[in-house]
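In case you want the letters, here they are:
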Amino acid sequence: MSATFLAAAAARTADVDAVDVVPPPAPTVLPDGLLVEHRAGRGRSLILTRAVGAGETILAEAPVCWWVDAERHEDVCARCLCVIPLGGAYGCDVCKQACYCSKACRDEDADRHASVCRILCAAAVDKSLPGWGASSLGTNLMHFVAHALALSRSDPPAFARLWGLQLDGVALDAEERVAVHRIASQLEASVGGKPPRESSWRLFVEHLCMKDKASNMALTMPPADESDDSDDDDDD
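Our subject in this report is the structure included herewith. What you see is a predicted model; the values in this text were computed from it and never measured.

1. Quick notes on the overall build of the chain
Point 1. Across its full length, the chain carries seven helices and seven strands.
Point 2. From first element to last, N terminus to C terminus, the chain shows the α and β order α-β-β-β-β-β-α-α-α-α-α-α-β-β.
Point 3. Residue burial in the chain is summarised as follows: out of 236 residues, 42% are buried.
Point 4. Pairs at least 24 apart in sequence give 59% of the contacts found in the chain among residues at least 6 apart.

2. Concerning the packing of aromatic side chains
Point 1. Counting across every chain of the model gives four aromatic pairs.
Point 2. Aromatic pair Trp-67 and Phe-144: ring centres 4.8 Å apart, planes at 15 degrees, arrangement stacked. Taken together, the residues span a long stretch of sequence, with Trp-67 in strand S3 (residues 65–68) and Phe-144 in helix H4 (residues 137–154) at a distance of 77 residues.
Point 3. The interplanar angle of 25 degrees and the centroid separation of 5.9 Å between the aromatic rings of Phe-159 and Trp-163 together place this pair among those described as stacked. One end of the pair is Phe-159 and the other is Trp-163, both in helix H5 (residues 156–163) and four residues apart, which spans about a single turn. Neither Phe-159 nor Trp-163 differs from the other in exposure class; each is buried.
Point 4. Positioned above the aromatic ring of Trp-66 is the side chain of Arg-112, whose terminal nitrogen or guanidinium carbon lies 4.1 Å from the ring centre.
Point 5. Across from the ring centre of Trp-163, 4.8 Å away, lies the NZ or CZ of Lys-211, which sits over that ring.

3. Structural notes on unusual backbone geometry
Point 1. Although it is not a glycine, Leu-81 sits at a positive phi angle of roughly 70 degrees.
Point 2. Using a relative accessible area of 19% as the deciding quantity, one classes Leu-81 as buried.
Point 3. Although it is not a glycine, Lys-96 sits at a positive phi angle of roughly 60 degrees.
Point 4. Here Lys-96 is to be found in the loop between strand S4 (90–91) and strand S5 (99–100).
Point 5. Classification of Lys-96 by relative accessible area gives exposed; the value is 59%.

Criteria and cut-off values
- Residues numbered from 1 in each chain as written.
- Predicted model: local features only at pLDDT ≥ 70, side-chain atom pairs only at ≥ 80, totals over all residues.
- Heavy atoms only, no water.
- Helix = DSSP H or I, 4+ residues; strand = E, 2+ residues; numbered from the N terminus.
- Buried < 20%, exposed > 50% of the residue type's maximum accessible area, 1.4 Å probe, protein only.
- Contact = heavy atoms within 4.5 Å.
- Phe/Tyr/Trp six-rings, centres within 6.5 Å; stacked < 30°, edge-to-face > 60°.
- Lys NZ or Arg CZ within 6 Å of the ring centre and 35° of its normal.

As structure tokens, this is what we get:
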């Protein structure tokens, strides 16, 4: 591990400690006609209590954390989420896990991606392991964890909103637990220290996985061809 990365890790640890004193965010105020209920078999749900007209916007809120599905990182812009024209991608030459539709989008995302990039490179999991390919659950969870860690340093109030997502009643399956274990082990070895909000990297990654499972929303992108469907992910 380089001295530069050690210094960066030390600076991140100081930022992480500061996150613990950020007060929880105020609950989202919903417009009239909307309420949040827990529905059996569906979890937390946003419910309409009035009729709405065609094309009416009922709620608009920017996500606090977003990332492109690992399977589509080469043809969906990591900044604006537009589909990138064939041969027109501006990619990250370091982690090789983020592409942009233009130099402008790459420049606008430079600060956010810099922290994510360092984490992805430092905590990379061997993709030759069974069940750890480019489109695997584990690879996408690693992207979420990297973005969450970067957010905890760059925007503590936004991270507090992300961490405030509910996870009650969410259970992880065997594949998810394997992914949590591998990612936590890599973070312990490469980043070290104490993670934000939790006493161990295993608990931090496990709780992020549960929050993602409970609150993730997928934005379906135009398929690469007629038979290929794909998603982008965001939370909150």
